[in-house]
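# Geometric and topological summary
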Amino acid sequence: MATAKEKQDRGIRKAKIGVVMSDRMDKTVVVRVERVVLDPVYKKYTKRRTTYKAHDERNEYHVGDTVEIIETRPLSKEKCWRVSRLIVRPEVR
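Since the model is a prediction, treat every value here as computed from it, not as a measurement. (Residues numbered from 1 in each chain as written. Predicted model: local features only at pLDDT ≥ 70, side-chain atom pairs only at ≥ 80, totals over all residues. Heavy atoms only, no water.)

### Describing the pairing of strand 5 (residues 79–88)
Direction of pairing for strand 3 (residues 45–55) relative to strand 5: parallel, over a ladder of 3 bridges. When the sheet's bridge partners are listed, Ala54 is paired in strand 5 with Trp81. In the sheet, strand 4 (residues 66–71) pairs with strand 5 via 6 bridges, with the strands oriented antiparallel. When the bridges of strand 5 are listed, Glu68 appears paired with Arg85. (Pairing = 2+ DSSP bridges. Helix = DSSP H or I, 4+ residues; strand = E, 2+ residues; numbered from the N terminus.)

### Details of the packing of aromatic side chains
Applying the stated criterion across every chain yields a total of 1 aromatic pair. Centre to centre, the rings of Tyr52 and Trp81 are 5.0 Å apart; their planes meet at 55 degrees, and the pair counts as tilted. Pair noted here: Tyr52 is in strand 3 and Trp81 is in strand 5, with a separation of 29 residues, a long-range link. With relative accessibility at 7%, the residue Trp81 sits in the buried group. (Phe/Tyr/Trp six-rings, centres within 6.5 Å; stacked < 30°, edge-to-face > 60°. Buried < 20%, exposed > 50% of the residue type's maximum accessible area, 1.4 Å probe, protein only.)

### Observations regarding the nonpolar core
One finds Val20, Val29, Val31, Val33, Tyr52, Ala54, Tyr61, Val67, Ile69, Trp81 and Val83 forming the largest nonpolar core, which totals 11 residues. Elements represented by at least two residues in this core include exactly strand 2 (28–38), strand 3, strand 4 and strand 5. If one sorts the elements of this core by residue count, strand 2 sits on top with 3 residues. In this structure, Val83 is in contact with Val29, Ala54, His55, Tyr61, Val67, Glu68 and Ile69, ignoring residues within four places of it in sequence. (Core = buried A, V, L, I, M, F, W, Y, C linked by side-chain atoms within 4.5 Å. Contact = heavy atoms within 4.5 Å.)

### So, the sheet that holds strand 3
Strand order in the closed barrel formed by 5 strands is 1-2-3-5-4, with mixed pairing between adjacent strands. Between one strand axis and the next, the sheet turns by 50 degrees as a mean value, whatever way the strands run. (Axes fitted to C-alpha atoms, helices over the stretch in contact; angles between N-to-C directions.)

### Let's talk about the side chain of Asp65
The residue Asp65 is located in the loop between strand 3 and strand 4 in this model. Engagement of the side chain of Asp65 in a polar contact is seen with the backbone nitrogen of His62, the distance being 2.9 Å. A distance of 3.0 Å separates a polar atom in the side chain of Asp65 from a polar atom in the side chain of Arg89. (Polar contact = N/O pair within 3.5 Å; in protein donor to acceptor, adjacent residues only side chain to side chain.)

Written as structure tokens, this is what we have:
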């Protein structure tokens with residue numbers, strides 16, 4: 001775990017919770033994050049989905065897993081997130 005001094009040096013990192021949509025790549029998973037947005041004109045809530053490529057060092061997360069991802073330095077052209085922990089793993093695969 002990072003100490004208070006290390007956290008101060010790195011700053012506060014963004015964290016998001018989403019579902020793994022693809023695990024076909026080596027050491028990378030695609031995570032879909034859903035958020036609810038209020039329409040400014042019609043005052044109706046709609047779901048917005050965004051996909052992020054996240055680093056999975058040991059290839060331990062699979063499709064359907066709910067995970068938390070945190071922001072990190074750029075690891076490739078499209079990958080600047082890292083899977084920090086597993087939240088829920090579905091019972092049946």
